[in-house]
Every structure is written in C-alpha cells, then in structure tokens.
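Structural overview for review
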Amino acid sequence: MAELKNDRYLRALLKQPVDMTPVWMMRQAGRYLPEYKATRAQAGDFMSLCKNHELACEVTLQPLRRYELDAAILFSDILTVPDAMGLGLYFEAGEGPRFERPTDTIDAIKKLAVPDPEDELGYVMKAVSTIRRELNGQVPLIGFSGSPWTLATYMVEGGSSKTFEKIKKMAYAEPAALHMLLDKLADSVTLYLNAQVANGAQSLMIFDSWGGALSHTAYREFSLRYMQKIVDGLTRFADGRQVPVTLFTKGGGLWLEAMAETGCDALGLDWTVDIADARRRVGHKVALQGNMDPSMLYAPIPRIEEEVSQILAGYGEGSGHVFNLGHGIHQHVDPEHAGAFIKAVHAQSKQYHK
Ligand code: CP3
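Computed from a prediction, not measured in an experiment: that's the story for all the values here. (Residues numbered from 1 in each chain as written. Predicted model: local features only at pLDDT ≥ 70, side-chain atom pairs only at ≥ 80, totals over all residues. Heavy atoms only, no water.)

**Some details on the overall build of the protein**
When its secondary structure is counted, the protein shows 15 helices and 11 strands. Whereas a compact globule of 354 residues would reach a radius of gyration of roughly 20 Å, the protein reaches 19 Å, a difference of no more than 12%. Dimensions of the protein, computed from C-alpha atoms along their principal axes, come out at roughly 60 × 45 × 40 Å. Expressed as a percentage of the 354 residues in the protein, the buried residues total 60%. Expressed as a percentage of contacts within the protein between residues at least 6 apart in sequence, the contacts between residues at least 24 apart total 73%. With the model as given, the accessible surface of the protein reaches about 14,200 Å², and the carbon-plus-sulfur share is 49%. One finds the centroid of the 37 positive side-chain charges in the protein at a distance of 1 Å from the centroid of its 43 negative side-chain charges. (Helix = DSSP H or I, 4+ residues; strand = E, 2+ residues; numbered from the N terminus. Rg over C-alpha atoms; globule rule 2.2 N^0.38 Å. Buried < 20%, exposed > 50% of the residue type's maximum accessible area, 1.4 Å probe, protein only. Contact = heavy atoms within 4.5 Å. Areas by Shrake-Rupley, 256 points an atom, 1.4 Å probe, with all protein chains shown as cover. Lys, Arg positive; Asp, Glu negative; His and termini not counted. Charge placed at Lys NZ, Arg CZ, Asp CG, Glu CD.)

**A word on unusual backbone geometry**
A cis amide bond, omega -5°, links G290 with the succeeding residue N291. Of note, the phi angle at R27 is positive, near 60°, even though the residue is not glycine. On the accessibility criterion, R27 (57% relative accessible area) is exposed. At N136, a residue that is not glycine, the phi angle is positive and equals roughly 50°. Here N136 is to be found in the loop between α7 (122–135) and β4 (141–146).

**Looking at the UniProt feature "site: Transition state stabilizer" (unreviewed entry) in the protein**
Here, UniProt's "site: Transition state stabilizer" (unreviewed entry) annotation points to D77. Mapped onto the fold, D77 is located in the loop between β1 (72–73) and α5 (80–87). We classify D77 as buried; its relative accessible area is 13%. The contacts of D77, once residues within four sequence positions are left out, are F46, C50, F144 and Y192. A polar side-chain atom of D77 sits 3.0 Å from the main-chain amide nitrogen of L79. (UniProt positions renumbered as here; feature names shortened; annotations may be inferred. Polar contact = N/O pair within 3.5 Å; in protein donor to acceptor, adjacent residues only side chain to side chain.)

**Some details on the sheet that holds strand β10 (residues 287–292)**
One open sheet accounts for seven strands, arranged β1-β4-β5-β8-β9-β10-β11; its pairing is parallel. Taken across any chain shown, the strands that pair with only one partner, and hence form the sheet edges, are β1 and β11 (321–325). Strand direction decides the pairing type here: β1 and β4, joined by two bridges, are parallel. Counterpart to A72 in the pairing with β4 is L141. Lying over the sheet, helix α14 (residues 301–315) contacts β10 and β11, oriented at roughly 155° with respect to β10. (Pairing = 2+ DSSP bridges. Axes fitted to C-alpha atoms, helices over the stretch in contact; angles between N-to-C directions.)

**Topic: the UniProt feature "binding site: substrate" (unreviewed entry) in the protein**
Per the UniProt entry, the sites bearing "binding site: substrate" (unreviewed entry) are R27, Q28, A29, G30, R31, D77, Y154, S209 and H327 in this numbering. Over a stretch of 301 residues, the named residues are scattered through the fold, their C-alpha atoms separated by up to 22.6 Å. Position of R27 among the secondary structure elements: in the loop between α1 (8–13) and α2 (34–43). For R27, the residues in contact, after removing those within four places along its chain, are Y32, G328 and I329. What makes G30 buried here is its relative accessible area of 10%.

**Let's talk about the pairing of strand β5 (residues 203–208)**
With six of its six residues buried, β5 lies for the most part within the structure. Alternating residues of β5 divide into S203, M205 and F207 and L204, I206 and D208, and every residue in both groups is buried. Inspection of the sheet shows β4 paired to β5 by five bridges, in the parallel sense. Its bridge partner lying in β5, S145 is registered against I206.

**Some points on the packing of aromatic side chains**
The description of two aromatic rings rests on the distance between their centres and on the angle between their planes. Enumeration over the complete set of coordinates arrives at eight aromatic pairs. Look at F144 and F207: their rings are 5.6 Å apart centre to centre, the planes differ by 85°, and that puts the pair in the edge-to-face class. Taken together, the positions of F144 in strand β4 and F207 in strand β5 put the pair 63 residues apart, joining distant regions of the chain. Residue F207 is classed as buried on the basis of its relative accessible area of 10%. The interplanar angle of 85° and the centroid separation of 6.5 Å between the aromatic rings of F207 and F248 together place this pair among those described as edge-to-face. Of this pair, F207 sits in strand β5 while F248 sits in strand β8 (residues 245–249); the two residues are 41 residues apart in sequence, bridging distant segments of the chain. Comparing F207 with F248, the two get one shared label, buried. Aromatic rings pair up to connect Y36, F46, F75 and F91 into one cluster. (Phe/Tyr/Trp six-rings, centres within 6.5 Å; stacked < 30°, edge-to-face > 60°.)

**Digging into the site of the ligand**
Taken together, 22 residues lie around the ligand, and R31, Y36, R40, S209 and H327 are the ones closest in. Contact distances for the ligand include 2.7 Å between an oxygen atom and a backbone N or O atom of R27. The protein chains hide 87% of the 880 Å² of surface that the ligand would expose on its own. Split by residue class, the shell around the ligand holds 14 nonpolar, four polar and four charged. (Near = heavy atom within 4 Å. Nonpolar A, V, L, I, M, F, W, Y, C, P; charged D, E, K, R; others polar.)

Here it is as structure tokens:
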C-alpha cells in the first residue's frame, strides 16, 4: 500500500503535532459541483452511482482535484445499511430518501437480519478498496456509517421526518421493540465499519444526524448507548497505524462530555457550539472537528475568511482540531467560495502550530 503523503488529518485526530490545521468538508462530493452532477447523470441516479465502484471513486476524487483537502470520504450513503437489510431504499426527486418497506412494527423488526458487509454491502467494500488504491497515498480515506438511532429514524418513519412522530412513539410506548432494532443496527454497523477498515478505510466517522431530536435522558438511552456499543467493537489499528473514530451528533452540543466518555478519538461539532468552550470541556480527552455554519459559504469571501479566523482563534494553539463545516455543504454554494474557505484554513492556521 502506498505511503501516506499527507497525514495531517490523522495526526490532528490523535492530537499529534501538525504544520497547519487539516480541513475537509462534510458532503464534499455532491451537487454543488457541476462535475458531480455530470457523473450522477452518467450513472442514471444516486443509488446507481453508489453501486458503481468506478463512478463512486470518481466522485470521491472530484473535490480533491479542485481543492487541497486533507482527507477523502468514501462516496456512499448512510442508508445503504437499511437497504441491505431489505427495506428497499429509493430517492423521490425533491423529497429525499424513502423506504418501500418501513420497519414500524415489532414483527417487522424481529424479521430483520444483520447484513454481511462483504455480500449485501460488497459494492461499498469494492468502492472503498478502489478509492484507497486510486488515492495512492495522497490523503487518508474516511469510512463512515449512520448511528443506530439516526438509521432507525429513517427505517421507522419510512423516510425523512421533521417531527419523528412514529419513532418517538415507539421509544416511549414500545421501548423493547426499538431497543431490538437499535441492537441489530449496532451489530450491523460494527461489522460494516470493520469491513470498511479491512478494505482500506483509515479513519471512521459515525453520523448521528438526528440525535439532537432526543431529550437529555432519551439521547443516552436510544442513541449514545448504541454508539458506545459500536466504539467498543471497532478495529482501532490497521496497516501499522491507529484508525481514529469520530462521533458527530448534530444538536449534541450539550452532551459532549458524555460523548467523549465513549472512548472515541474525536467529536464533530455543529455550528451552535463555541469551539473554545468545547475545548475547555472535552479537549483534554478528544480532538474536535468543525464547526463553521455551512450557510456561511454563501457570504462574500472576506466574511468567510473572517469566520475561519474566529474559529481558529477559538480553538487556539496546538493540535487536536480538524476544520470542517458544522454539517453538509449546501447544493447551491459557489465552488469558488468552498475553495476560498479551504485556502483560508491552511493559510491562517500555521500561526497556531509553531
Ligand atoms: O461527504 C461525502 O462527500 C460523502 C457522501 C455522503 C452522502 N451522504 C452522499 C449523498 C455522506 C457522508 C452521506 C451521509 C448521510 N446521508 C447522512 C449523514 C450526514 C448528514 O447530512 O447529516 C444522512 C442523514 C444521509 C441521508 C440522506 N442521503 C439524505 C437525507 C439525502 C437527501 C439529501 C438531499 O439533499 O437531497 C441523501 C442523498 C445523498 N447522499 C446525496 C449525496 C451527495 C444527494 C443525492 C443526489 O445526488 O441527488
């Protein structure tokens, strides 16, 4: 396997010294890039793009050709796992993801099997190994999954939701059913992430996009507990290096201490959190990733640069910060603004790493 030429991202996650703050963007391969839209059109639709390892590799590399990013992220989706469990994932134009067969009853949950990552999810593994080979050591490759709670919201609701009515009803009225689902998902995700590492992923991230919809106590019971189970079961060393694990609960700013206790290496922060405060609270335990509001990329470039400078100053001196957006980049962002953002992080951060 090719030697890693730029390991700033892996080093920062382990709080080892770096020359400047590494940066990547959540959803960096996506619709804000015209070349992504062209490749997706070539594939036909989004899931066909995910299932074609050559095209999935192509779109993973597209943002790296434009920008000096410090990491690549596997092009796939968190919903491949429920799809592999037999729910029938499809995307309705303008409506986001949907499942043909939601699992909103205990009988449906009982029938679910844990998918074999090398079989039902073999196309993802093929994408991982292809991307790792094509990266040729340029930057590390991030593998990822959704958290059990976040995956369960889509599986029980049948798609995206604003109110989480069905799953919250299940959580409070039929908790045993939901725990059975979350437990199967934790096992599925652990196997899936370990298979990504076996196929070449060098770092792992768990997206808990909807953990913030839970109450203080329900977050621990229905989301954090299952992320803990996953962290406990992950391969943490491969290819002669540590494989850092990052947990990201959107809206989880109040729970950083509890998240840091899981034994993960880093926490992703959304833009509601003051990164200086987060560092004081958990910076002795974990690295931090984030946290510019993705909508800031709509601002004029000098305003973006000012925001970058404030976040860098907020984190302060030394390693342990991976710059990122607080959530995914929006599809109508001007790619030039994304480029100015990445340049600003590198140029302005050298002073914090002397
Ligand atoms: O970051 C990357 O470049 C890697 C690819 C990636 C995608 N989805 C591609 C994608 C990653 C890491 C994800 C994760 C994902 N998917 C999450 C967690 C992160 C988050 O945003 O909170 C979630 C909740 C999903 C579920 C999902 N997939 C939704 C809600 C949608 C529709 C979104 C929309 O804007 O329409 C998707 C589809 C999806 N996944 C797209 C991409 C690039 C857009 C699909 C398209 O090309 O039409």
